[in-house]
Amino acid sequence: MSKTDNVKGYDNTNINWYPGHMAKAKRMMQDNIKLIDVVIEILDARIPYSSKNPDIDDMAKGKSRILLLNKADMADPKKTEIWKKYYEEKGFYVNAVNSKNGTGVKATSEIIKKACAEKIERDRKKRILNRPLRAMIAGIPNSGKSTFINSYAGKAVTKTGNKPGVTVGKQWIRLSKDVELLDTPGILWPKFEDRQTGLHIAFIGSINDDILYPEDMAYELIKILKEQYPGVLNERYGSKSGDEGDEIKELIEDSSDPVEILEKIGKIRGCLKKGASVDLLKTSKLLIDDFRSLKLGRITLENP
Ligand code: G4P
């Protein structure tokens, strides 16, 4: 197996990454799910496929389901719209949100009511009035669960805990007369179905970068950018000022080999080792940082 084709220490076909704390988190979620009406899964809008955990479908059977494409401010808006439609067709209630500045967050209460329409109707028939809908936030690490809860619940809410019928220790945040939110989010383990989903999850900082070779991430990013965002690499790394102050443009993308492209970027950016060969590790980190800090623009890595 070549170095550029491997995930550190793991076989590509069977990435065995399932730390003990994730098993504990899963048990906790299974317990909590029994108490709620609706699961709100927070996805990262830049990787709407890889940030969704398929196992939650089993755990949340019979519950209403909402998917929030979070960090929409960092993702490609056209693709976010496409993903929204895709998941809606699969029966989810979907919204794009930016938990950091609050865009789209408040609409969640209305979406919860829509998603729970059947339950509301059942309660009404049984003459159960004013029973709030109970929601739980879930998502893989770093998807923005805490940021979302803080933005959604704000400061003005009162916590209601330890009341009869509620498991001792559970804290519910009363958001309105209709909605209560469990204040601890469910942590889902990222899926490692294949090498590509593992790499994509690494891009959003959901797993420690040390698990993967940054070079592998860089090659994957270059491949995606070349295919789906042609011109972005040329734009970002291909222009520099010449001696006369004039702009020199270099075509970074005119190679089909990601290694060659990474080398070109490293050369232009002066990421060199002793002896003037290109430092591919340093160049990879530069590229990954540029992606994470939006210097390459709003990029969504996956298509439905
Ligand atoms: P988690 O609970 O799911 O693990 O995620 P958390 O809320 O801690 O969010 C992880 C990072 O993502 C945080 O950045 C947070 O600010 C950022 N984030 C969450 N939602 C959004 C969003 O909609 N848009 C953007 N742009 N960022 C979002 P951080 O760098 O770890 O912290 P900080 O420097 O922002 O405080």
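What you see is a predicted model, and the numbers here were worked out from it, not measured in a lab. (Residues numbered from 1 in each chain as written. Predicted model: local features only at pLDDT ≥ 70, side-chain atom pairs only at ≥ 80, totals over all residues. Heavy atoms only, no water.)

S.K.: Can you lay out the overall build of the chain for me, pointing to particular residues and giving the numbers?
M.R.: On a plain count of helices and strands, the chain comes out with eleven helices and ten strands. Residues classed as buried in the chain amount to 48% of the 304 residues present. In the chain, of all internal contacts separated by at least 6 residues, the share reaching a separation of at least 24 is 66%. As displayed, the chain has an accessible area near 15400 Å², and 50% of this comes from carbon and sulfur atoms. (Helix = DSSP H or I, 4+ residues; strand = E, 2+ residues; numbered from the N terminus. Buried < 20%, exposed > 50% of the residue type's maximum accessible area, 1.4 Å probe, protein only. Contact = heavy atoms within 4.5 Å. Areas by Shrake-Rupley, 256 points an atom, 1.4 Å probe, with all protein chains shown as cover.)

S.K.: So what's going on with the packing of helix α7 (residues 195-203) against helix α8 (residues 214-228)? Residues and values would help.
M.R.: Two numbers describe how α7 lies on α8: the axes approach to 10 Å, and their chain directions differ by 95°. In terms of orientation, α7 lies roughly perpendicular with respect to α8. Residues Arg 195, Gln 196, Leu 199, His 200, Ala 202 and Phe 203 of α7 lie in contact with α8, whose contacting residues are Asp 216, Met 217, Glu 220, Leu 221, Lys 223 and Ile 224. Split into classes, the residues belonging to the contact of α7 with α8 amount to six nonpolar, two polar and four charged. (Axes fitted to C-alpha atoms, helices over the stretch in contact; angles between N-to-C directions. Parallel < 35°, antiparallel > 145°, perpendicular 65-115°, else oblique. Nonpolar A, V, L, I, M, F, W, Y, C, P; charged D, E, K, R; others polar.)

S.K.: Please set out the packing of aromatic side chains residue by residue, giving values where relevant.
M.R.: To describe a pair of aromatic rings, one takes the distance between the centres and the angle between the planes. Inspection of the entire model under this criterion finds six aromatic pairs. Consider the rings of Trp 83 and Tyr 86, whose centres lie 5.3 Å apart with planes at 80°: the pair is edge-to-face. Of this pair, Trp 83 and Tyr 86 both sit in helix α3 (residues 77-89), three residues apart, which is roughly one turn of the helix. Pairwise contacts between aromatic rings join Trp 83, Tyr 86, Tyr 87 and Phe 92 into one cluster. Lying across the ring of Trp 172, Arg 134 places its NZ or CZ 4.4 Å from the centre. (Phe/Tyr/Trp six-rings, centres within 6.5 Å; stacked < 30°, edge-to-face > 60°. Lys NZ or Arg CZ within 6 Å of the ring centre and 35° of its normal.)

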